[in-house]
Amino acid sequence: NSFVTRTNTCGELRSAHVGQKVTLYGWVQYQRLLLFLLCFSWIRQGLFLVLRDFQGLTQVIIPQDEEHSHVKELLSNAPLESVVRVTGTVSPRPLGQENPKMPTGDIEVKAETAEILNSCKKLPFEIKDFIKKSEALRMQYRYLDLRSSRLQSSLRLRSGVVMRMREYLCNLHGFVDVETPTLFKRTPGGAKEFLVPSREAGKFYSLPQSPQQFKQLLMVGGLDRYFQVARCYRDEGSRPDRQPEFTQVDIEMSFVDQAGIQRLIEGLLQHSWPEERGSIITPFPSMTYKEALAEYGTDKPDTRFGMKIVDISDVLRGSNIHFVQNALSYPNSSIRAIRIPQGVRYLTNKDLESLKEYARSQFNQEIMEIIHRPDGSLKSLLTKFLGDKEKSELIQALNMQEDDVVLLAAGEHKQVCSALGALRLLSANFLEAAGLALRDPNAFHFLWVVDFPLFLPKAENPTELESAHHPFTAPHPADASLLYSDPTKVRSQHYDLVLNGNEVGGGSIRIHSAEQQRFVLEKVLKEDSEVLSHLIEALEFGAPPHGGIALGLDRLISLIVDAPSIRDVIAFPKSFRGRDLMGNAPDYVTPEELEPYHIQVSWPLEDKEAKKN
């Protein structure tokens, strides 16, 4: 209550305050237990309303005597969500009328004076967490949506986490908080960047997708330990649960190895973790990229539940099943399966068909199902091709129990694993929708994924390579020589931090040799190194070995509070299509405003409504 004219907030009054004269400010809150829509009702020949601010609720008794008739008229006619000031005396609630669900439920304030500071017009939606509103409407009136207790709680928790992160990094471990530019130049590779026109004809800035180059240059500059709560930008178009502008906790250190970065982040998260979400155990488990793909079909596995992918190639290698033998005839092929516990009981035929259709449409992968009957026999199109020994080995390899359903795939290893990994998650959704608890929303399973490939074939041209992470990632020391002879086999010093199946951080040890950096850009990636000449030149001036990581703050907080989307932990997010529905951005500008930037639009601005439609 410092610096303001209230004496108390609406959430702090208790029995100890009885008899005190207080001044409260807040919004008129709808009390759903009452019969009247204007949130007041007759009680002991009196009216009351509930006042709300950022901290909580207080019940205010409206006087009925003639002396305070103006207060009665004022508060009785105050529309919902109007902002009011109330001065009165704290009193205990009558015996039996206490509300244990409210922190202030033992007291009430008897109003003596009041003022409507701002009356509220008709609301587009009710300010209640349990009232369903379309996301578009919530974003159009975001300033109203921010009044909800859920959003208030999430933003305050986010603020507390960031504050403790700063404390850990700066006060305890000597990091320096440095702001880096948001107007820079295009970075080769990675996500698409937003362009910003300049007054020099044909020249544009780029908004950086991360402060990657700057933090490396800070290490060259001898800063030793850098961090920043950084605003980043990616022009990724319409992608679910992504934002064109987002926030990451950006970190870089000199003279560090992968293990050092991992220990730092584990300590950082432990220090900043909200008490109300329990505790997290360190060190976090670690898994290689190959292991993650083989067991979970993804590089960001959700380890809260089992249903791991099992290799059954050896069991079926000697079978007479045509599609199995055909799949095994190709290089780098395998036969793998996942076991869905109690699948017969919880999955419908429609569910099973949708799983198989998903594998076909998304991965071009055929799936065979096997059902374990109560009598111990197997039901499948495959069983007539299997002998008793193979059936027994299959049951044992997959640990099949009564009413389990097995989904089997054969073919190229990565495709098979990716398809089964996706089906694992979809199956979990079906099982949970049917009432089987698999993934505890209150459990937090962190995992380091390491030893990623340094390069991957380009999707549009598999004969060319692109960086799996970014072009500044250093090769694994054991594979350094392969960089010059067979770069496709080189592992990287890249590491991802995964939480409950979501990537919440990623980083790497960097290339600190100018010669090696130039080779990667020019010979492996076929990029013009001149674009990065400033960085390469800097590496020639005694650059220290260095590495770092960035934590996705929006996604981390959304997982901590169990929000359905990262938009629910950002004060003013963009829509699914990257628009600001409240301010209607992006918007049109006039030709006169574009002229200094030497830009012309390709259609007349007068046609903007036609174009919009």
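Residues numbered from 1 in each chain as written. Predicted model: local features only at pLDDT ≥ 70, side-chain atom pairs only at ≥ 80, totals over all residues. Heavy atoms only, no water.

You'll find the protein entered in an unreviewed UniProt entry as SYDM protein, with Nicator chloris given as the organism. In its Sequence similarities (unreviewed entry) section, the UniProt entry covering the protein states "Belongs to the class-II aminoacyl-tRNA synthetase family. Type 1 subfamily." (UniProt positions renumbered as here; feature names shortened; annotations may be inferred.)

Participant: Is there a simple way to explain the packing of aromatic side chains in this structure?
Facilitator: Working definition: an aromatic ring pair is given by the centre-to-centre distance plus the angle between the planes. Under the criterion given, the structure shown has 9 aromatic pairs. Between phenylalanine 184 and phenylalanine 214 the ring centres are 4.5 Å apart and the planes differ by 55°, which places this aromatic pair in the tilted class. You can see phenylalanine 184 sitting in the loop between strand S7 (176-177) and strand S8 (195-197) and its partner phenylalanine 214 sitting in helix H5 (residues 212-220), a full 30 residues away along the chain. In terms of burial, phenylalanine 184 and phenylalanine 214 fall into one category: buried. (Phe/Tyr/Trp six-rings, centres within 6.5 Å; stacked < 30°, edge-to-face > 60°. Helix = DSSP H or I, 4+ residues; strand = E, 2+ residues; numbered from the N terminus. Buried < 20%, exposed > 50% of the residue type's maximum accessible area, 1.4 Å probe, protein only.)

Participant: Whenever I open this one, the domain arrangement of the protein confuses me. Can you help?
Facilitator: A common way to report how large an interface is uses the accessible area buried once the components associate. Segmentation of the protein into domains returns domain 1 (15-118), domain 2 (152-287 + 446-568) and domain 3 (305-434). Each of domain 1 and domain 2 has a C-alpha centre, and the two are 51 Å apart. (Domains from an automatic or database assignment.)

Participant: Is there a simple way to think about helix H12 (residues 388-398) in this case?
Facilitator: Since one α-helical turn is 3.6 residues long, residues separated by three or four positions face the same way. Among all positions in H12, only Glu390, Leu394 and Leu398 are buried. Buried residues in H12, looked at end-on, bunch into an arc of 50°, giving them a common side. Looking at H12, the residues exposed on the side facing more than 90 degrees away from the buried face are Asp388, Lys389 and Gln396. With its phi angle positive at about 55°, asparagine 399 sits one or two positions after the end of H12. (Arc of directions from axis to C-beta.)

Participant: Got a minute to help me understand helix H13 (residues 413-433) in this structure?
Facilitator: For H13, spanning 21 residues, the distance from its first C-alpha to its last is 30 Å, which sits close to the expected 30 Å at 1.5 Å a residue. Regarding H13, its N-cap is glutamate 412, as a side-chain oxygen of that residue lies 3.2 Å from the backbone nitrogen of lysine 414 further along. In the stretch just after H13, glycine 435 is the one whose phi turns positive, near 110°. (Expected span 1.5 Å × (residues − 1). Polar contact = N/O pair within 3.5 Å; in protein donor to acceptor, adjacent residues only side chain to side chain.)

Participant: It is not clear to me how the packing of helix H11 (residues 349-363) against H13 should be interpreted in this structure. Could you clarify?
Facilitator: A pair of packed helices is captured by two measures, namely the crossing angle of their axes and the spacing between those axes. Two numbers describe how H11 lies on H13: the axes approach to 10 Å, and their chain directions differ by 145°. The two elements H11 and H13 cross, and the hand of that crossing is right-handed. In this structure, H11 uses Asp351, Ser354, Leu355, Tyr358, Ala359 and Phe363 to contact H13, whose residues at the interface are Gln415, Ser418, Ala419, Ala422, Leu423, Leu426, Ser427 and Phe430. Split by residue class, the contact of H11 with H13 holds 9 nonpolar, 4 polar and 1 charged. (Axes fitted to C-alpha atoms, helices over the stretch in contact; angles between N-to-C directions. Left-handed = near helix turned anticlockwise from the far one by under 90°. Contact = heavy atoms within 4.5 Å. Nonpolar A, V, L, I, M, F, W, Y, C, P; charged D, E, K, R; others polar.)

Participant: Help me understand the sheet that holds strand S13 (residues 310-311) in this model?
Facilitator: Note on sheets: strands pair through backbone hydrogen bonds, and any given pair is parallel or antiparallel. Taking strand neighbours across the sheet as the criterion, the 5 strands line up as S13-S14-S17-S15-S16 in an open arrangement whose pairing is antiparallel. The sheet is open, and its two borders are formed by S13 and strand S16 (378-379), each paired with just one other strand. As paired strands, S13 and strand S14 (residues 333-340) are joined by 2 bridges and run antiparallel to one another. By the bridge assignment, valine 310 is partnered in S14 with alanine 337. (Pairing = 2+ DSSP bridges.)

Participant: Quick question: what am I supposed to make of the sheet that holds S7 here?
Facilitator: Strand order in the open sheet made by the 8 strands is S7-S10-S11-S23-S22-S21-S18-S12, with mixed pairing throughout. Here the strands that pair on one side only, and so sit at the sheet edges, are S7 and strand S12 (286-288). The pairing of strand S21 (residues 494-499) with strand S22 (residues 502-509) spans 6 bridges and is classified as antiparallel. Residue pairing across strands places tyrosine 495 opposite glycine 507, the latter belonging to S22. The strands touched by H5 within the sheet are strand S10 (225-233), strand S11 (245-254) and strand S23 (546-552), with S11 carrying the most contacts at an inclination of about 20°.

Participant: Explanation requested: the side chain of asparagine 99 in the structure shown.
Facilitator: Tracing the chain through its elements places asparagine 99 in the loop between strand S5 (83-92) and strand S6 (107-118). Side-chain polar atoms of asparagine 99 contact the backbone nitrogen of lysine 101, separated by 3.0 Å. Asparagine 99 has contacts with Arg93 and Gly105, leaving out every residue within four places of it along the chain.

Participant: Explain a nonpolar patch on the surface here, please?
Facilitator: A contiguous nonpolar patch, built from Tyr143, Phe572 and Met582 and spanning about 300 Å² of accessible area, is present on the exposed surface. What makes phenylalanine 572 partly exposed here is its relative accessible area of 46%. (Patch = residues over 30% accessible without salt bridge, like charges linked within 9 Å, V, L, I, M, F, W, Y side chains within 5 Å. Areas by Shrake-Rupley, 256 points an atom, 1.4 Å probe, with all protein chains shown as cover. Salt bridge = Lys/Arg side-chain N within 4 Å of Asp/Glu carboxyl O.)

Participant: I keep staring at the nonpolar core and nothing clicks. Help me out?
Facilitator: Soluble globular proteins tend to pack their nonpolar side chains together in the buried interior. Ile251, Ile265, Leu269, Phe446 and Leu497 are the most contacted members of the largest nonpolar core, which totals 49 residues. Among the elements that line this core, the one with the most residues is helix H4 (residues 149-173), at 6 residues. Filtering out sequence-adjacent residues up to four positions away, phenylalanine 446 remains in contact with Leu269, Trp273, Ile280, Phe284, Pro285, Leu497, Val498 and Leu499. The next biggest cluster of nonpolar side chains, apart from the first, holds 30 residues, and it includes Met307, Leu352, Val416 and Cys417. (Core = buried A, V, L, I, M, F, W, Y, C linked by side-chain atoms within 4.5 Å.)

Participant: Would you mind showing me how to read the pattern of salt bridges here?
Facilitator: Oppositely charged side chains can pair when the atoms bearing their charge come close. As enumerated under the stated definition, the model contains 36 salt bridges in all. With a closest N to O distance of 3.0 Å, arginine 242 and glutamate 236 form a salt bridge. For arginine 242, a relative accessible area of 32% translates into the label partly exposed. Between arginine 360 and glutamate 357 there is a salt bridge; the shortest N-O distance is 3.0 Å. Within this pair, arginine 360 and its partner glutamate 357 are both found in helix H11, separated by 3 residues, close to a single helical turn. Given a relative accessible area of 31%, arginine 360 falls into the partly exposed group. Given a relative accessible area of 41%, glutamate 357 falls into the partly exposed group. One salt-bridge network, held together by shared partners, links Arg138, Arg142, Asp145 and Asp568.

Participant: Help me understand the environment of leucine 447, please; the structure alone is not making it clear to me.
Facilitator: Along the chain, the position of leucine 447 falls in strand S18 (residues 446-450). A relative accessible area of 4% places leucine 447 in the buried class. As for leucine 447 and arginine 138, which are separated by 309 residues in sequence, their C-alpha atoms are 34 Å apart. With sequence-adjacent residues up to four places away left out, leucine 447 is seen in contact with Pro285, Ser286, Met287, Pro301, Thr303, Asp496, Leu497 and Val498.

Participant: Before we go on, may I ask you to explain the side chain of aspartate 568 in this structure?
Facilitator: As for its position among the elements, aspartate 568 is in the loop between helix H17 (553-560) and helix H18 (591-594). With relative accessibility at 10%, the residue aspartate 568 sits in the buried group. There is a polar contact of 2.8 Å between the side chain of aspartate 568 and the side chain of arginine 138. Not counting the four nearest positions on each side in its chain, aspartate 568 is found in contact with Arg138, Arg142, Leu151, Ser154 and Ala563.

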